[in-house]
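# Working through the structure, step by step
One-letter residues, chain by chain:
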Amino acid sequence: MTRFALLVCTLIAVASGALARDLTVRSGEHEGFTRLVVQVPPDTGWVLKQTKNGARLNVELKDVVFQTGSVFQRLTENRLAAISQPEPGAALELEFGCDCVASAFLFKQTMIVMDISPGTFLPLPTSDIPLPVLPKAPKKTRDSDLTIDAPALPLLNLNANGFEDQLSTRLLQGADRGIVDLNIAPAGSRTSTSNQTLFMPSNVELNVQVTTILDDLNGLLGPDIPPLERRPPCISNAEFAFENWSDHRPFTEQAAQLRSGLFQEFDIIDKTHALQLAKLYAYSGFGAEAQTALGLLGEQSAESERIAAIARVLDHGPLTGKNPFLGLQRCDSDAALWAVLSEGRLRADANLTAIEQTFARLPDHLRRHVGPALSEILVDGDELEAARRILRSVDRVRTQARASVTQAKAKVSSAEGDTPRTETLLTEVIGSPDATLEAPLALVRLVDKRWTERGSMSPQELQLSESYTVEFRRAEISPTMLQTHAVALSLGQEFDAALDLVAEMPKDPANAKVLNRVVLILTERADDAIFLRRILSMPPAQSMELTTNATIAVADRLANLGFSRQAHALAKRPQDRVRRGERARLRARAALLAQRPHQAMLELEDDPTEEGVALRAEALAAVQDYATAGALLRDSDHVDEANRLFWLADLPDEADLQIGTKFSKVVQMTQDLTAPQLRVPDKPLADAENLLRDSAATREKIAELFEALQKD
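Below is a short write-up of the structure.

So, how was this worked out
Residues numbered from 1 in each chain as written. Predicted model: local features only at pLDDT ≥ 70, side-chain atom pairs only at ≥ 80, totals over all residues. Heavy atoms only, no water. Phe/Tyr/Trp six-rings, centres within 6.5 Å; stacked < 30°, edge-to-face > 60°. Helix = DSSP H or I, 4+ residues; strand = E, 2+ residues; numbered from the N terminus. Buried < 20%, exposed > 50% of the residue type's maximum accessible area, 1.4 Å probe, protein only. Lys NZ or Arg CZ within 6 Å of the ring centre and 35° of its normal. Disulfide = S-S within 2.5 Å. Salt bridge = Lys/Arg side-chain N within 4 Å of Asp/Glu carboxyl O. Expected span 1.5 Å × (residues − 1). Contact = heavy atoms within 4.5 Å. Axes fitted to C-alpha atoms, helices over the stretch in contact; angles between N-to-C directions. Parallel < 35°, antiparallel > 145°, perpendicular 65-115°, else oblique. Left-handed = near helix turned anticlockwise from the far one by under 90°. Nonpolar A, V, L, I, M, F, W, Y, C, P; charged D, E, K, R; others polar.

### A look at the packing of aromatic side chains
Scanning all chains against the criterion turns up 10 aromatic pairs. Ring centres of Phe251 and Tyr281 lie 6.1 Å apart, and the angle between their planes is 55°; this geometry places the pair in the tilted category. Of the two residues, Phe251 sits in helix α4 (residues 251-260) while Tyr281 sits in helix α5 (residues 271-283), which places them 30 residues apart along the sequence. For Phe251, a relative accessible area of 29% translates into the label partly exposed. The ring centre of Trp451 lies 4.3 Å from the NZ or CZ of Arg454, which sits over that ring. It is Arg517 that lies over the ring of Trp451; its NZ or CZ is 4.2 Å from the centre.

Structure follows, in structure tokens:
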């Protein structure tokens, strides 16, 4: 017994020493300084020494190793440039990225807090920062032994003036040293929250508020330093022992033995057998049966909660309620896999190696069961290669094609950008005979993919979508299938049926998204008659649910069709806050259609875009200011249109005749026609001959001018 006690003490001492030698350095950004925190055992000696452009922390621990891997995860400033330890047992070296100094203090006897703030390092005779001197706790004494030592309580012997003088001196010294912050309030009476009558006269008025550096530690454990957040301890494989939940005997033999010993005398439940039976069911993939067996226990424990969580994951996927595996994805044990499956998403600190190794050790039936779900979680977490490895592992143990595996492969292909393979796999899932929920969900993904790529739906696919809508009308996925059917109808050019179906849906964000998708396809593909009939008859409530993108698309087509009032109303909705320039140009187009050029120019006052300049020129031309309009277009490289406007303004000298375009020729012809004729007044016959010749040439030039104007 003595040997055993000595052995246990030795192991505890070694473990304590090992823990003491690994010190994690945590970090956080604060306003004006960067904070580093090192957790040390109580009564550990330490010294922080300033160096040139840095600092050095020495801790009196043998073979100490500073864990600095997470220091820069939450640092946004450049006060700390580098942190390193040359070798185990050496000091922690800090290198600053600014003109900074470091200060340190001990918090709660177990945390060395180092603050890096801007400042100038002044070399001192000794640059070691000593440990803060903390007052010793007074010894507890009996009431009969209580004596007051006058030198220990000097304030009792001071009058009011002496007390004020000494207090002021101490506060100013503390402020100079950066230990306290003074906030001098205006003179006046202050209510005190504590009893001060023991140390000061009653007639002393409080007008000084004192705070210490310890007041800044209220947020030490807050979100600024996430590594200090309390995280649940990892569950080791020895404690979890998932591989021991079943032995090598057939399931029927194990279940029969456990069920036969489930009830004792007087029908008392054997809790050991019930717990083992629940483990066997969970290990074999029977989630509901495992939960039923746990219900026989009548009590909960950490082990039973883990079994119940695995059972719910096997039957229903990720958990929404209490989760005993929450926050354990970082662990180097089997718990990491079940943490991922129960949370339904991949965390940034997830241990992928442990997750994949645990999955590889699962029995074949569980790998086939949870492999597709795990692969989809990894795809959502941008771990495509890991998702491929999981699916390859499933392929090695599956006995027949399963829709869930094919759907997971389709998600991987979609993430890779392999569109043809994605569509092939989704179509295979839809037609798979063993698909239950996988087939309608695959159809949902297929329709979403077709809408993104602006594809189309075949009549057979539309019929399948409608049949799924009817089949799952009372299921949980019923709203999703209705939304998918509406989008599929729009992709199949069935716009009336799609909008009628959307009108029957309740008002919520998901259905509003479907409405916008249908309206966008309607705007892009419907003919003018159907488009105008459905848009102009749309209820105001639906119009208010349109997004800015959909509204701009609809207003643009309405403006192209000449419906200025409706286009202006859609482009002037008060709820729209983005794409202001495009909406302003739509309002200008609507104003021009409504013969309001001045309103159009007001809308385009600060629009430097090419389209805005063209609309402004059109508005100026509408008020017959051709010269200004031509100057605008000439500066925007629309030279031929500028020449047309200069021709209308009778300013041929402003036109560019070197480009050889339509209106450069028109301007040149006009100049030739308006050129003065050469007359010979002293020779009447020669003058008449010249007039006839010029008249014939003029008719030819006029014909050429008309021909040039008629060209596109």
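Having seen it, we continue.
### Focus: the state of the cysteines
Taken as a whole and assessed by the stated rule, the structure comprises 2 disulfides. A disulfide bridge connects Cys234 with Cys331, and the sulfur atoms are separated by 2.1 Å. Here Cys234 and Cys331 share a disulfide; its torsion about the S-S bond, -90°, makes the bridge left-handed. Taken as a pair, Cys234 in the loop between β12 (208-212) and α3 (237-240) and Cys331 in the loop between α7 (302-316) and α8 (335-343) lie far apart in primary sequence, 97 residues in all.

### Observations concerning the pattern of salt bridges
Applying the stated criterion to the full structure yields 30 salt bridges. A salt bridge links Arg306 to Glu239; the shortest N-O distance between them is 3.8 Å. Here Arg306, found in helix α7, pairs with Glu239, found in helix α3; they are 67 residues apart in sequence, far enough to count as distant. Residue Glu239 is classed as partly exposed on the basis of its relative accessible area of 46%. Measuring nitrogen to oxygen at the nearest pair gives 3.5 Å for the salt bridge that ties Glu299 to Lys271. Placement of Glu299 in the loop between α6 (287-295) and α7 and of Lys271 in helix α5 is noted, with a sequence separation of 28 residues between them. Bridged by salt links that share partners, the residues Asp496, Asp500, Arg533 and Arg534 form one connected network.

### Focus: helix α23 (residues 580-593)
For α23, which comprises 14 residues, the first-to-last C-alpha distance of 20 Å matches the rise-based estimate of 20 Å (1.5 Å per residue) to within 8%. Across the 14 residues of α23, 10 count as buried, placing the element largely inside the fold. Within the span of α23, buried status applies to Arg583, Ala584, Arg585, Leu586, Arg587, Ala588, Arg589, Ala590, Ala591 and Leu592. Check the buried side of α23 and you find it contacts α21 (548-560), α22 (564-571), α24 (597-603) and α25 (610-622). In the segment just after α23, Gln595 is the residue with positive phi, at about 60°.

### What about the packing of helix α15 (residues 459-471) against helix α16 (residues 478-491)?
At a minimum axis distance of 9 Å, the contact between α15 and α16 shows a crossing angle of 160°. Taken together, the axes of α15 and α16 lie roughly antiparallel to each other. As α15 packs across α16, the resulting crossing turns out to be left-handed. Taking contact as the criterion, the partners of Leu462, Ser465, Glu466, Tyr468 and Thr469 in α15 are, on α16, Met481, Leu482, Thr484, His485, Ala488 and Leu489. Within the contact of α15 with α16, the residues separate by chemical class into 6 nonpolar, 4 polar and 1 charged.

### A short note on α16
With 14 residues, α16 should cover 20 Å at 1.5 Å per step; its first-to-last C-alpha distance of 20 Å lies within 8% of that length. For α16, a buried count of 11 out of 14 residues is recorded, marking the element as mostly surrounded by other parts of the structure. Ser478, Met481, Gln483, Thr484, His485, Ala486, Val487, Ala488, Leu489, Ser490 and Leu491 are the residues of α16 that are buried. Buried positions along α16 lie against α14 (438-452), α15, α17 (495-504) and α18 (509-525). Positive backbone phi, at 70°, marks Gln493, one or two positions downstream of α16.

Shape descriptors only; they carry no functional weight alone.
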